[in-house]
Amino acid sequence: MKKLKGMRVAVLAADGFEQVELTRPVKRLEREGARVTIVSLHKGRIRGMNLLVPGRKVRVDATLRDVKAADFDALLLPGGFMNPDFLRQSALALDFVKDADLLDQPIAVICHGPWLLASAGLLEGRHLTSWPGIRNDMENAGAHWTDEPVVRDSNWVSSRGPHDLLAFEHAMVELFAERMSPAIARRTTTEAAPRWPRWLAGGLAAAATLGLVARSRKALA
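Throughout what follows, the structure given in this document is the object of discussion. Model, not experiment: these values are computed from the prediction.

**Considering the side chain of Arg28**
Right, on to step 1. Within the secondary structure layout, Arg28 lies in helix α1 (residues 19–31).
Right, on to step 2. Here Arg28 falls in the buried class, since its relative accessible area comes to 16%.

Following this line, the structure appears as structure tokens:
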């Protein structure tokens, strides 16, 4: 059974994202039935990194000018050195994560990704982990930092880096699955319903109307 069937997940990333921190979680989400949208600052493709070595490019599905947080059900924030730094300089990106958190959407964040949450002013009093090198940044922004593979805090799950990906992916899926709302289930059921061709649907509707009229006339006779 696919735990996340029909769930709409935004992956907010920019050039310089750590490649495996995007590609691996995205594959896991898609295997679980989620609909993944790569959201970025510009159209086209964004370049991944393998630490300091340039990696592959990933196609951008939508820009921050095209979508809003309410269009999705969950958010994934990969890390990398440059990726979150580019994003936190964008007012649109900051508003996007603020709105996602305000909507109580589940948020999965890894490595340097919490930099974006810090710049959005969301860390005060929250429990999380991150790449150890930015621990001071997290604590200075008001977070309670823990050196653990995964830290869960309400609608957030965070992780330290690529070496924790297996635990991170599992915790992400569990959090997202717990947050699957009845509205998502209803939407999935509706979209899975058979769609009649327009001419046939119109014919069926007309037949139903004629049958109702016939029954009404019979009752009045």
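Alright, that's what it looks like, and here's the rest.
**What to know about unusual backbone geometry**
Right, on to step 1. Notably, Leu51 is not glycine yet its phi reads approximately 60°, a positive angle.
Right, on to step 2. Following the sequence through the fold, Leu51 ends up in the loop between β4 (45–50) and β5 (53–59).
Right, on to step 3. Despite not being glycine, Ser154 shows a phi value in the positive range, around 55°.
Right, on to step 4. Mapped onto the fold, Ser154 is located in the loop between β11 (150–153) and β12 (156–159).
Right, on to step 5. According to the relative accessible area criterion, Ser154 is partly exposed, its value standing at 43%.

**Considerations on the sheet that holds strand β7 (residues 74–77)**
Right, on to step 1. The mixed open sheet is built from seven strands, whose spatial order is β6-β3-β1-β7-β8-β12-β11. Of all strands in the sheet, those with a lone pairing partner are β6 (62–63) and β11, marking the two edges.
Right, on to step 2. Where β7 and strand β8 (residues 107–110) come together, three bridges link them in parallel fashion. Following the sheet pairing, Leu75 is matched in β8 by Ile107.

**Let's talk about the nonpolar core**
Right, on to step 1. Core analysis: the largest hydrophobic core is formed by 31 residues, its most contacted members being Leu12, Leu75, Leu77, Phe96, Val97 and Met138.
Right, on to step 2. Those elements giving two or more residues to this core turn out to be β1 (8–12), β7, α3 (91–102), β8 and α4 (114–119).
Right, on to step 3. Element by element, the count of residues in this core is highest for α3, at five residues.
Right, on to step 4. Among residues more than four places away in sequence, those in contact with Leu12 are Val39, Leu64, Leu75, Leu76, Leu77, Pro78, Leu87, Ala93, Phe96, Val97 and Leu116.
Right, on to step 5. Grouped together as the second largest cluster of nonpolar side chains are 29 residues, Leu22, Leu29, Leu76 and Val173 included.

**Some words on α3**
Right, on to step 1. The terminal C-alpha atoms of α3 lie 16 Å apart, and with twelve residues this matches the ideal 16 Å at 1.5 Å per residue to within 8%.
Right, on to step 2. Within α3 the residues assigned to the buried category are Ala93, Leu94, Phe96, Val97, Ala100 and Asp101. An end-on view of α3 places all buried positions within 160° of arc, on one side of the element. Away from the buried face of α3 by more than 90 degrees, exposed residues Ala91 and Leu102 are located.
Right, on to step 3. Of the residues one or two after α3, Asp104 is the one with positive phi, at around 60°.

**So, the sheet that holds β4**
Right, on to step 1. On the basis of which strands lie adjacent, the open sheet formed by three strands has the order β2-β4-β5 and mixed pairing. Bordering the open sheet on either side are β2 (17–18) and β5, each of which pairs with just one other strand.
Right, on to step 2. Pairing of β2 with β4 involves two bridges; the strand directions are parallel. If you follow Phe17 over to β4, its bridge partner there is Gly48.

**Considerations on the pattern of salt bridges**
Right, on to step 1. In this structure the tally under the stated criterion is 14 salt bridges.
Right, on to step 2. Residue Arg8 is joined to Asp73 by a salt bridge in which the shortest nitrogen-to-oxygen separation is 3.3 Å. Linking Arg8 in strand β1 with Asp73 in the loop between β6 and β7, this pair joins segments that are 65 residues apart in sequence.
Right, on to step 3. Assessed through its relative accessible area of 25%, Arg8 is described here as partly exposed.
Right, on to step 4. As a salt-bridge pair, Arg126 and Asp153 come within 3.0 Å of each other at their nearest N and O atoms.

So, how was this worked out
- Residues numbered from 1 in each chain as written.
- Predicted model: local features only at pLDDT ≥ 70, side-chain atom pairs only at ≥ 80, totals over all residues.
- Heavy atoms only, no water.
- Helix = DSSP H or I, 4+ residues; strand = E, 2+ residues; numbered from the N terminus.
- Buried < 20%, exposed > 50% of the residue type's maximum accessible area, 1.4 Å probe, protein only.
- Pairing = 2+ DSSP bridges.
- Core = buried A, V, L, I, M, F, W, Y, C linked by side-chain atoms within 4.5 Å.
- Contact = heavy atoms within 4.5 Å.
- Expected span 1.5 Å × (residues − 1).
- Arc of directions from axis to C-beta.
- Salt bridge = Lys/Arg side-chain N within 4 Å of Asp/Glu carboxyl O.

Remember, this is a structural readout, not a statement about activity or role.
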